[in-house]
Amino acid sequence: MGPHPAVAAIRLAVRRVLHDILTDQSRLSRTAGESTGGRITARLARPHGDIPEQTPNERPPSPLVLVACSGGADSMALASALAFEAPKLGVRAGGITVDHGLQPGSDLRAEEVVLRLRELGLDPAESITVTVGRDGGPEAAARDARYAALDAALERHGGTAILLGHTRDDQAETVLLGLARGSGIRSLSGMAAVSGAGGRYRRPFLQLDRQTARKACMVQALPVWDDPHNADPAYTRSRLRHEGLPALEKALGKGVVEALARTAQLSRDDADALDTWASQAEASVRDATGLLECAKLYALPPAVRRRILRRAAIEAGAPAGSLFARHIEEVDRLITGWRGQGAINLPGKVVAQRQGGRLVIRQG
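Residues numbered from 1 in each chain as written. Predicted model: local features only at pLDDT ≥ 70, side-chain atom pairs only at ≥ 80, totals over all residues. Heavy atoms only, no water.

Asks: Before we go on, may I ask you to explain the overall build of the protein chain in this structure?
Replies: Along its length, the protein chain carries twelve helices and twelve strands. With respect to the principal axes defined by its C-alpha atoms, the protein chain has extents near 70 × 60 × 40 Å. For the protein chain, the residues scored as buried account for 43% of the 364 residues in total. Restricting to contacts in the protein chain with at least 6 residues of sequence separation, those with at least 24 account for 65%. Surface accessibility of the protein chain: about 19600 Å² in total, with carbon and sulfur atoms responsible for 53%. (Helix = DSSP H or I, 4+ residues; strand = E, 2+ residues; numbered from the N terminus. Buried < 20%, exposed > 50% of the residue type's maximum accessible area, 1.4 Å probe, protein only. Contact = heavy atoms within 4.5 Å. Areas by Shrake-Rupley, 256 points an atom, 1.4 Å probe, with all protein chains shown as cover.)

Asks: Please clarify how the sheet that holds strand β10 (residues 344-346) should be interpreted in this entry.
Replies: Either a parallel or an antiparallel arrangement is found when strands of a sheet pair, and the pairing is made through backbone hydrogen bonds. Read from one edge to the other, the open sheet built from four strands follows the order β9-β12-β11-β10, with strand pairing classed as antiparallel. Edge positions in the open sheet fall to β9 (292-293) and β10, since each of these has one partner strand only. (Pairing = 2+ DSSP bridges.)

Asks: Just checking my understanding: could you explain the packing of helix α2 (residues 73-85) against helix α7 (residues 210-219) for this structure?
Replies: Pairs of packed helices are described in terms of their axes, by the angle between the two and the distance that separates them. Interhelical geometry of α2 versus α7 gives an angle of 60° and a closest axis separation of 8 Å. It follows from the interaxial angle that α2 and α7 lie oblique. α7 is crossed by α2, and the crossing has left-handed handedness. The residues of α7 that touch α2, namely those facing Ala73, Asp74, Met76 and Ala77, are Arg210, Ala213, Arg214, Ala216 and Cys217. Of the residues assigned to the contact of α2 with α7, the class counts are six nonpolar, no polar and three charged. (Axes fitted to C-alpha atoms, helices over the stretch in contact; angles between N-to-C directions. Parallel < 35°, antiparallel > 145°, perpendicular 65-115°, else oblique. Left-handed = near helix turned anticlockwise from the far one by under 90°. Nonpolar A, V, L, I, M, F, W, Y, C, P; charged D, E, K, R; others polar.)

Asks: Any chance you could explain the sheet that holds strand β4 (residues 92-99) here in plain terms?
Replies: Across the sheet, six strands lie side by side as β5-β4-β3-β6-β8-β7; this open sheet has mixed pairing. The strands lining the two open edges of the sheet, one partner per strand, are β5 (125-129) and β7 (194-195). Judged from the three bridges that link them, strand β3 (residues 64-68) and strand β6 (residues 161-163) form a sheet pairing that is parallel. Across the sheet, the residue bridging to Val65 is Ala161, located in β6. Strands β3, β4 and β6 of the sheet are contacted by α2, whose axis makes an angle of about 160° with β3.

Asks: What's the story with the packing of aromatic side chains in this structure? I'm lost.
Replies: Aromatic ring pairs are defined here through the distance separating the ring centres and the angle between the ring planes. Enumeration over the complete set of coordinates arrives at one aromatic pair. Judged by centre distance (5.1 Å) and plane angle (85°), the rings of Tyr147 and Tyr201 are edge-to-face. Remark: Tyr201 occurs in strand β8 (residues 201-202) and Tyr147 occurs in helix α4 (residues 138-157); sequence separation between them is 54 residues. One residue, Arg11, lies across the ring of Phe84, its end atom 3.5 Å from the ring centre. (Phe/Tyr/Trp six-rings, centres within 6.5 Å; stacked < 30°, edge-to-face > 60°. Lys NZ or Arg CZ within 6 Å of the ring centre and 35° of its normal.)

Asks: Would you take a moment to explain the pattern of salt bridges for this structure?
Replies: Side chains that differ in charge, positive against negative, can pair when their charged atoms come close. Applying the stated rule across the entire model yields 28 salt bridges. Across the pair Arg202 and Asp24 runs a salt bridge, and its minimum N-O distance is 3.0 Å. Taken together, the residues Arg202 in strand β8 and Asp24 in helix α1 (residues 5-35) connect sequence positions 178 residues apart. Among the residues examined, Asp24 registers a relative accessible area of 26% and is labelled partly exposed. Between Arg156 and Glu126 there is a salt bridge; the shortest N-O distance is 2.3 Å. In this pair, Arg156 is assigned in helix α4 and Glu126 in strand β5, connecting sequence segments 30 residues apart. When salt bridges with common partners are traced through the structure, they connect Asp170, Glu173, Arg210, Arg237 and Arg241 into a single cluster. (Salt bridge = Lys/Arg side-chain N within 4 Å of Asp/Glu carboxyl O.)

Asks: What's the story with the confidence of the model for the protein chain in this structure? I'm lost.
Replies: In low-pLDDT regions, the fine details of the predicted coordinates are not to be read closely. Summary statistics for the protein chain give a mean pLDDT of 89 and a share of 91% for residues scoring 70 or more. Confidence drops under a pLDDT of 50 for residues 39-52, and excluding neighbours within four residues, the segment shows 18 contacts in the predicted structure. (pLDDT = per-residue confidence, 0-100.)

Asks: Looking at this structure, how should I read helix α12 (residues 325-336)?
Replies: Note: α-helices contain 3.6 residues per turn, so residues at a spacing of three or four share the same orientation. Spanning twelve residues, α12 covers 16 Å between terminal C-alpha atoms, matching the ideal 16 Å at 1.5 Å per step. All of the buried residues along α12 are His327, Ile328, Val331, Asp332, Leu334 and Ile335. Summarising the axial view, the buried residues of α12 lie within an arc of 140°, below the 170-degree limit, and thus occupy one face. Where α12 is buried, its residues meet α10 (294-298), α11 (302-315), β10, β11 (350-355) and β12 (358-363). (Expected span 1.5 Å × (residues − 1). Arc of directions from axis to C-beta.)

Asks: Which parts of the structure should I look at to understand the layout of surface pockets?
Replies: In this approach, a probe sized like a water molecule rolls over the atoms, and the result shows the empty space that is left. Of the pockets and cavities examined, the second largest pocket occupies roughly 350 Å³. Together, 20 residues line the second largest pocket, and Leu28, Gly159, Thr160, Ala161 and Gly198 are the ones closest to its centre. Elements represented by at least two residues in the lining of the second largest pocket include exactly α1 and α4. Among the elements that line the lining of the second largest pocket, the one with the most residues is α1, at four residues. Classifying every residue of the lining of the second largest pocket by side-chain character gives eight nonpolar, seven polar and five charged. (1 Å grid on protein atoms, 1.4 Å probe; cavity = no way out; pocket = protein on both sides within 12 Å on 5 of 7 lines; lining within 4 Å. Points joined across faces, edges and corners; volume = space filled by probe spheres on them.)

Asks: When you look at the environment of Arg262 in this model, what are you seeing that I'm missing?
Replies: As for its position among the elements, Arg262 is in helix α9 (residues 256-282). Considering only alpha carbons, one finds Arg262 and Ala172, 90 residues apart in sequence, at a separation of 8.8 Å.

Asks: Hey, could you run me through α7 in this one?
Replies: Within the sequence span of α7, burial applies to Arg210, Thr212, Ala213, Ala216 and Cys217. One side of α7 holds all its buried residues, which, seen down the axis, span an arc of 170°. Along α7, the residues that are exposed and aim more than 90 degrees away from the buried face are Gln211 and Met218. Trailing α7 by a residue or two, Ala221 shows a phi angle of about 55°, which is positive.

Set out below in structure tokens:
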């Protein structure tokens, strides 16, 4: 008899992602080998300072894949699946839990999570304590601190990727939050299955619902911790999860979560295509000095033009996370609704203004 269907589903999802990671690593190794004439130097520190060389016939070292685990059902299910699948594929597996320090006893809970990770056979397994700031609100600040800690852990351990336990339900919530902000198609695309520098973050569960992960934990007798913040109405995502989505399902019927997740994928495909178009078009709308020409920008479709404007603002120093659709719309009016208006102030002390048929975006 095989594993429970929920357990089989989470393992299959992780197996596919691990195969992708191995394929990516193999492709990079081949590229590196070709660029160095078939010989790759592995710069690994040794006690006496000697540097071993990897010959063409040697296999690259086994990749280390970490799982970010809060102790909740989603991430515990992910940790268990990684611990089961990684050894079969020759992948080293470890786990990281981040203590945000926002609740009494969070340090003790973090230690418990580390113990569970070790019991699953994950190594390294460690807890990282972070200080959560205030920029962007409590949820955004905690997320920023968490990802910074995960990035540092990956670098410190020489890891290849970090698995995140976001489910289809999380994706649906992200789409609705993006819709509420009115931030455009990129916000509607939700979370990517692969993201971060070099594709370091992988989300195997985006096609699985939250109930499947919880069921997998239950049948494997894995203890889970339900974060009280996830039920606290003070947090926007919590209200959406416990009030907004149930109301939508009551009004529209079942299938809302699946439809929103499907919308995310379709939106991502469209957004990626438009980003590529904008990248290709940008060179054609700059003059010999690199300034943007307003007439040429005006001739572009609005979706392409605004992407070019956004990229130019970020290159000038505007923080991407603080640059909203309304900012880009104001800059766009310098192109499409020019009436001699003054400069537009953007986040990061960046200023955009029209001068002699050119759009100048720079630090003010």
